[in-house]
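The primary structure of each chain is shown beneath.
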Amino acid sequence: MASSPQRPVDAVSSLSAVATAPVKLGLHGRLELDETLMALVQDGLLAVDDARRIRADSRSGKDKLALHPLVLVANLKPVDQRNPGKPLGLEVLTQWLAEKASLPYLRIDPMKIDVAAVTQVISHQYATRYRILPVAVAPDKVVIASAEPFDTRWVHDLGHILRREIERMVASPLDVNRYLTEFFGVQRSIQRAKDAKSDAGYDPSTLLNFEQLLELGKAGDIGADDRHVVHIVDWLLQYALDQRASDIHLEPRRDAGNIRFRIDGNMIKVFEFPPPVMTAVTARIKILGRMDLAEKRRPQDGRIKTRSPGGREVELRLSTMPTAFGEKIVMRIFDPDIVVKEFRQIGFSTDEENLWRSMVERPHGIVLVTGPTGSGKTTTLYSTLKHLATPDLNVCTVEDPIEMVSPEFNQMQVQPAIDLDFAAGVRTLLRQDPDIIMIGEIRDLETAQMAVQASLTGHLVLSTLHTNDAPTAVTRLLDLGVPHYLIQSTLTGVVAQRLIRTLCPHCKTGLAVDPRAWDALTHRWNLALPERTQGPVGCLECRNTGYYGRTGIYEMLRITPKMRQLILADTDLVRFGEAALGDGMRPLRISAAAQVARGVTTVAEVMTVLPPVD
């Protein structure tokens, strides 16, 4: 009787036999799943049962055979044996691989990579063949990231061709694959769009002055619907959403247009476009925003609705401005997850939330939110309206422009060209049977009078003013010409606010507070010095800034009967402000000090946004 053929020995099932012999990775160049699983088990990161499960799952489909071994392991989320209770994620696995290869680990930050430079080093085909990604270029060195650190076939040849030192690093296979596609794809689109413009007769030397620039734009551009330009714009919008940008700035210059993002309040340069490509990208954005493509001499406003990588609908408000070298575009991003939040999420303490609710949950009155541009007033108002907008209430707004379209509100856009200003808008809303009215901004006496009229007729009115603190809002209304007795009878409260950067949760560390800095912050308020708080360190998550995201600090003035008596035609601001403090108002710096004491931010950060102390 013939003996049955022996079954091949499963490498994973024989782990006990090789437990004493270290597994060598990359014997055949690229990583293989079996040797990777054995090494992970041997190093105490992976359980044998999980290794068998991963091996079996890898055989269940042809599409999985092409995946990197670390991705196959991470996808099944096995338990990290060195950190029980936590899954063995791709980042931990990549760091482990870097240690095995004795190479530095790199978490790729695309905003710190000069895409135009790194994509000139090697071709896309060569980079894809060996799964390598250039991440930095210097006159004497090129830094290459790879998820295959043991495949070194390319190192000698590339060093010989470039005549530079090759420094290798290990990065996540998903990041390498993603940015290989993005960087080379975008750069290819930019080059082809530029070539198309050159073929169309674009000559930057003819841009002699501002007027000639505008006339040239009317002569004809490359098609804004060109597929390369479409790709560039789509990538730019998704990139901004990935990086948590609040604004995208496209700034034309003579030699190269700048692309900058505002992230956590700071401007960061992220890319450069050649002038012809910048012109085409600007045209594409104007088409998407339904703006007049031929009009380049006047500012225009528009709006784009798109989807974030996670599938959420995101609105972008567009604004164009003619400059010496073309139209500058700013796109402000309104992500519903960021603009509309719970009160605690925007920085209210328990006391501040209770006080704010007591002001906005009344049937009538005027509540004002004050602060400079970019201080978070929109977020506060939209979050409040979202809280108030129940099915049994009619919430109406008049805005310039509508910041974010919401299905819970009835929103009206100011149109100065047809004499539809804030005052006319409020006058219209009063005939629409509203319960709550939000006015984008009180800019003049007529708008202020309509807000007062709406309050007197039994409506809750929310609006904004541009003042440095809460008490100044009262004198600002008086300066506009609103009679003091009407302010007395309608104003419910004023909230002044600022936005401050919050410490990165991934790297912040405990530290002692400088007593002198604490005294400068609290300024005559006898607040106890916290023993320890949190300070910035800097890591990959926060791009070594030490800060990640922003929150609010607030100064809440409730108009009590005592304060109403002080609102006179000749109200003295200093006396009124001191009375407000005596009546329980906490100034901005005390709200900031509370955030410092809670470890949310630092003294140095809040001092940059607080108004000066007299």
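Placed above this text is the structure.
Conventions and cut-offs
- Residues numbered from 1 in each chain as written.
- Predicted model: local features only at pLDDT ≥ 70, side-chain atom pairs only at ≥ 80, totals over all residues.
- Heavy atoms only, no water.
- Helix = DSSP H or I, 4+ residues; strand = E, 2+ residues; numbered from the N terminus.
- Buried < 20%, exposed > 50% of the residue type's maximum accessible area, 1.4 Å probe, protein only.
- Areas by Shrake-Rupley, 256 points an atom, 1.4 Å probe, with all protein chains shown as cover.
- Phe/Tyr/Trp six-rings, centres within 6.5 Å; stacked < 30°, edge-to-face > 60°.
- Lys NZ or Arg CZ within 6 Å of the ring centre and 35° of its normal.
- Patch = residues over 30% accessible without salt bridge, like charges linked within 9 Å, V, L, I, M, F, W, Y side chains within 5 Å.
- Salt bridge = Lys/Arg side-chain N within 4 Å of Asp/Glu carboxyl O.
- Contact = heavy atoms within 4.5 Å.
- Pairing = 2+ DSSP bridges.
- Axes fitted to C-alpha atoms, helices over the stretch in contact; angles between N-to-C directions.
- Core = buried A, V, L, I, M, F, W, Y, C linked by side-chain atoms within 4.5 Å.
- Parallel < 35°, antiparallel > 145°, perpendicular 65-115°, else oblique.
- Left-handed = near helix turned anticlockwise from the far one by under 90°.
- Nonpolar A, V, L, I, M, F, W, Y, C, P; charged D, E, K, R; others polar.
- Arc of directions from axis to C-beta.

J.: Describe in detail the overall build of the protein chain, supporting the description with residues and values.
T.: What the protein chain contains, in helices and strands, is 23 helices and 18 strands. Taken over 614 residues, the protein chain has a buried fraction of 50%. Summed over all atoms, the accessible surface of the protein chain reaches about 29,600 Å², with 50% contributed by carbon and sulfur.

J.: An account of the packing of aromatic side chains is needed here, citing residue identities and associated values.
T.: Within the structure shown, the criterion is met by 10 aromatic pairs. Pairing F343 with F348 gives two aromatic rings, centres 5.7 Å apart and planes at 35°, and the pair type is tilted. A relative accessible area of 4% means that F348 is categorised as buried. Cluster of aromatic residues (ring-pair linked, three or more members): W235, Y239, F261, F271 and F273. One residue, R244, lies across the ring of Y548, its end atom 3.9 Å from the ring centre.

J.: So what's going on with a nonpolar patch on the surface? Which residues, and what values?
T.: A contiguous nonpolar surface patch, about 230 Å² in accessible area, is contributed by W525, L527 and L581. With respect to the element layout, L527 can be found in the loop between helix 19 (515-522) and strand 17 (533-535).

J.: Let's hear about helix 17 (residues 472-480): which residues, and what values?
T.: Turning to helix 17, its buried residues are T472, A473, V474, T475, L477 and L478. Looking at the packing, one finds that the buried side of helix 17 touches strand 10 (365-370), strand 14 (460-465), helix 18 (484-490), strand 15 (491-503) and helix 21 (573-582). G481 occupies a position one or two residues after helix 17 and carries a positive phi of about 110°.

J.: Describe in detail the sheet that holds strand 4 (residues 247-251), supporting the description with residues and values.
T.: Taken together, 6 strands build an open sheet; the order of strands is 6-5-4-9-8-7 and the sheet is antiparallel. The open sheet has two edge strands with one neighbour each: strand 6 (266-273) and strand 7 (301-307). Each strand axis lies, on average, 20° off the axis of its neighbour in the sheet, ignoring direction.

J.: Tell me about the nonpolar core, and name the residues and values.
T.: By size, the foremost hydrophobic cluster in this structure holds 61 residues, and its most contacted members are I248, L250, F261 and M331. Looking at this core, the element that brings in the most residues is helix 10 (residues 227-242), giving 9 residues. Not counting chain neighbours up to four residues away, the residues in contact with M331 comprise L236, L237, S246, D247, I248, L250, I285, L316, R317 and L318. With 41 residues, the next largest nonpolar core counts L420, I437, I439 and M450 among its residues.

J.: Requested: an account of the packing of helix 1 (residues 33-42) against helix 2 (residues 48-58), with residues and values cited.
T.: Orientation of helix 1 relative to helix 2, taken along the N-to-C sense of each, is 165°, at an axis distance of 10 Å. Between helix 1 and helix 2, the angle is such that the two are roughly antiparallel. Read as a crossing pair, helix 1 and helix 2 show a hand that is right-handed. Contacts between helix 1 and helix 2 involve L33, D34, L37 and V41 from the former and V48, A51, I54, R55 and S58 from the latter. Split by residue class, the contact of helix 1 with helix 2 holds 6 nonpolar, 1 polar and 2 charged.

J.: Summarise helix 2; cite the residues concerned and give the values.
T.: All of the buried residues in helix 2 are D50, A51, I54, R55 and S58. Looking straight down helix 2, one finds that the buried residues subtend no more than 135° of arc, so they occupy a single side. Considering only its buried residues, helix 2 is in contact with helix 1 and helix 3 (69-75).

Honestly, it's all geometry; don't read function into it.
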